[in-house]
Amino acid sequence: MNDEWRTISYRKAISALKRQKKPITSYQEAIKIRGIGDRTAEKIAEIIETGNLRRLQHFSEDDEVIKKFSDIWGVGSAIAMKWYAKGYRTFDDIIQNVKLTRVQRIGLECFDDLRERIPRDEVTEISKRVEEAACRIDPKLLCITVGSYIRGKPTCGDIDILITRNNTDGKTSSGPFLKLLNTLREQGLLTHDLTKHQEENATSRYFGICKLPGGEKYRRIDLFTVPFNELGAALLSFTGNDIFNRSMRLLARKKKMKLNNHGLYKNISRGRGGDSLTEGTLIAQRTEREIFDALGVPWR
DNA sequence: GCCT
DNA sequence: CAGTACG
DNA sequence: AGGCCGTTACTG
């Protein structure tokens, strides 16, 4: 069953509901909200009237198993369904019968810990250690903890740290980035690598797992290095959330522009498949404000 | 799922 | 390349 | 009916 878009629709609806200033008390109020249609408004009404949703009472066993498989890092819907089709139902079945990839083995090993949300204070603590290590390598490195942390959430699913450096003296953050990873490994803060690429790219993403010394649990951590000029676009992208990013990018597309983690481009012409045919012209990337202005979106 |  | 992942 | 983010970045 392909529920990909339905899932996204529900997440959009949830997001729209959370933005409401007043609680929704009826079908009529719900359906006025953009992103909530008849089907979802009916479900909301049922919840308002009865306190629950009958269809939610029971998921089929298939759904439960596939969901659990795809909760393993490195396992998506395709692999989860393939495993299910082969008759596997438990992690034991998987361990016995499947040749797991390196990252899937890590995902399984840390499965329970990675399901836990991270208290904000712990994100602060881990970020501080990364920042200190970065500063020792190059005092001009700038570390910004983004993702749900920068959005002020009390707990985070993972730790996202953006690393950049003012390049007016000709130096960037890409070289120190690899040194930083090595330092953090030596310190024992980084315990597992989920990405392995070790090239010195201007933009690169490291995904891994970390644990505070004496800490209780393994935590997912992402480190990004971005060129200083692209800081605004990178902040916009890595601050999210994903629903917000998709909506901004869709808006850009409607205006014959393109928004990605590098910047905002204009005069994009796209093929029927949506793939762009022209490079376009870069019009904003340095600050988030520039990008909002160029897109015609009120600043925050 | 929702929107055009 | 398909699959998975990130916000 | 048909699109729904990114020519995103990384793995195998």
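Residues numbered from 1 in each chain as written. Chains lettered and ligands numbered in written order. Predicted model: local features only at pLDDT ≥ 70, side-chain atom pairs only at ≥ 80, totals over all residues. Heavy atoms only, no water.

Identification of chain A as DNA polymerase from Gigaspora rosea is taken from an unreviewed UniProt entry. Per its UniProt entry, chain A bears the Subcellular location (unreviewed entry) comment "Nucleus". (UniProt positions renumbered as here; feature names shortened; annotations may be inferred.)

Undergrad: Mind showing me how you'd approach the overall build of chain A here?
TA: Helix and strand counts for chain A stand at 14 helices and 10 strands. Dimensions of chain A, computed from the C-alpha atoms along their principal axes, are close to 65 × 55 × 40 Å. Burial status across chain A gives 41% buried among its 300 residues. Taking contacts inside chain A between residues at least 6 apart in sequence as the whole, the part at least 24 apart equals 50%. Total accessible area computed for chain A in this model is approximately 17800 Å², and 50% of it derives from carbon and sulfur atoms. Across chain A, 53 positive and 40 negative side-chain charges occur, with their mean positions spaced 6 Å apart. (Helix = DSSP H or I, 4+ residues; strand = E, 2+ residues; numbered from the N terminus. Buried < 20%, exposed > 50% of the residue type's maximum accessible area, 1.4 Å probe, protein only. Contact = heavy atoms within 4.5 Å. Areas by Shrake-Rupley, 256 points an atom, 1.4 Å probe, with all protein chains shown as cover. Lys, Arg positive; Asp, Glu negative; His and termini not counted. Charge placed at Lys NZ, Arg CZ, Asp CG, Glu CD.)

Undergrad: Looking at this structure, I do not really get the protein's contact with DNA strand C. What am I missing?
TA: Neighbouring residues of DNA strand C: 23 residues in total, closest Gly74, Gly76, Ile79, Asp158 and Asp160. Protein-adjacent atoms of DNA strand C, using a 4 Å cutoff, are sugar or phosphate at a proportion of 76%. Within the side chain of Asp222, one N or O atom sits 3.3 Å away from a sugar or linking oxygen of DNA strand C. With respect to DNA strand C, the side chain of Arg249 contributes an N or O atom lying 3.0 Å from a base nitrogen. Among the elements of the structure, helix H5 (77-85), strand E6 (204-210), strand E7 (219-225), helix H12 (231-239) and helix H13 (242-254) are those that each provide at least two residues to the surface near DNA strand C. (Near = heavy atom within 4 Å. Polar contact = N/O pair within 3.5 Å; in protein donor to acceptor, adjacent residues only side chain to side chain.)

Undergrad: Sorry, what's going on with the protein's contact with DNA strand B here?
TA: Taken together, 13 residues are adjacent to DNA strand B, and Arg6, Ser9, Arg34, Gly35 and Gly37 come closest. Counting only the atoms of DNA strand B within 4 Å of the protein, the fraction contributed by sugar and phosphate is 71%. Contact between DNA strand B and Gly35: a phosphate oxygen at 2.8 Å from a main-chain N or O atom of the residue.

Undergrad: I tried to follow the sheet that holds strand E9 (residues 264-266) on my own but got confused; where do I start?
TA: Two pairing modes exist for strands in a sheet, parallel and antiparallel, and in both the strands are linked by backbone hydrogen bonds. Spatially, the three strands line up as an open sheet ordered E8-E9-E10, and their pairing is antiparallel. Whereas interior strands pair on both sides, the edge strands pair on one side only; in this sheet they are strand E8 (258-259) and strand E10 (281-284). (Pairing = 2+ DSSP bridges.)

Undergrad: What exactly am I supposed to notice about helix H1 (residues 4-19) here?
TA: Owing to its 3.6 residues per turn, the α-helix aligns residues three or four sequence positions apart on the same side. Spanning 16 residues, H1 covers 23 Å between terminal C-alpha atoms, matching the ideal 22 Å at 1.5 Å per step. The complete set of buried residues in H1 reads Ile8, Ala13, Ser15 and Ala16. Angularly, the buried residues of H1 cover 160° about the axis, an arc narrow enough to put them on a single face. Its buried side turned inward, H1 meets helix H3 (38-50) and H13. (Expected span 1.5 Å × (residues − 1). Arc of directions from axis to C-beta.)

Undergrad: I keep staring at H5 and nothing clicks. Help me out?
TA: The complete set of buried residues in H5 reads Ala80, Trp83 and Tyr84. Projected onto a plane normal to the axis of H5, the buried residues spread over an arc of 100° and lie on a single side. Seen from the buried face of H5, the exposed residues on the opposite side, beyond 90 degrees, are Ala78 and Ala85. Buried positions along H5 lie against helix H4 (61-70), helix H6 (91-97) and helix H7 (102-109). Just past H5, the residue Gly87 takes up positive phi, approximately 100°.

Undergrad: Please explain the pairing of E6 as it appears in this structure.
TA: Burial runs high along E6: five of the seven residues are buried. Judged from the three bridges that link them, strand E5 (residues 190-193) and E6 form a sheet pairing that is antiparallel. In the sheet register, His192 faces E6, and the bridge partner there is Ile209. Of the pairings in the sheet, the one linking E6 to E7 comprises seven bridges and is antiparallel in character. Bridge assignment links Ser204 to a residue of E7, and that residue is Thr225.

Undergrad: What should I look at first to understand the sheet that holds strand E4 (residues 159-165) in this one?
TA: Strand order in the open sheet formed by five strands is E2-E4-E7-E6-E5, with mixed pairing between adjacent strands. Taken across any chain shown, the strands that pair with only one partner, and hence form the sheet edges, are strand E2 (141-145) and E5. Adjacent strand axes in the sheet meet at a mean angle of 30°, parallel and antiparallel pairs treated alike. Taken strand by strand, helix H11 (residues 174-187) contacts E2, E4, E5, E6 and E7, and its axis lies near 160° from that of E7. (Axes fitted to C-alpha atoms, helices over the stretch in contact; angles between N-to-C directions.)

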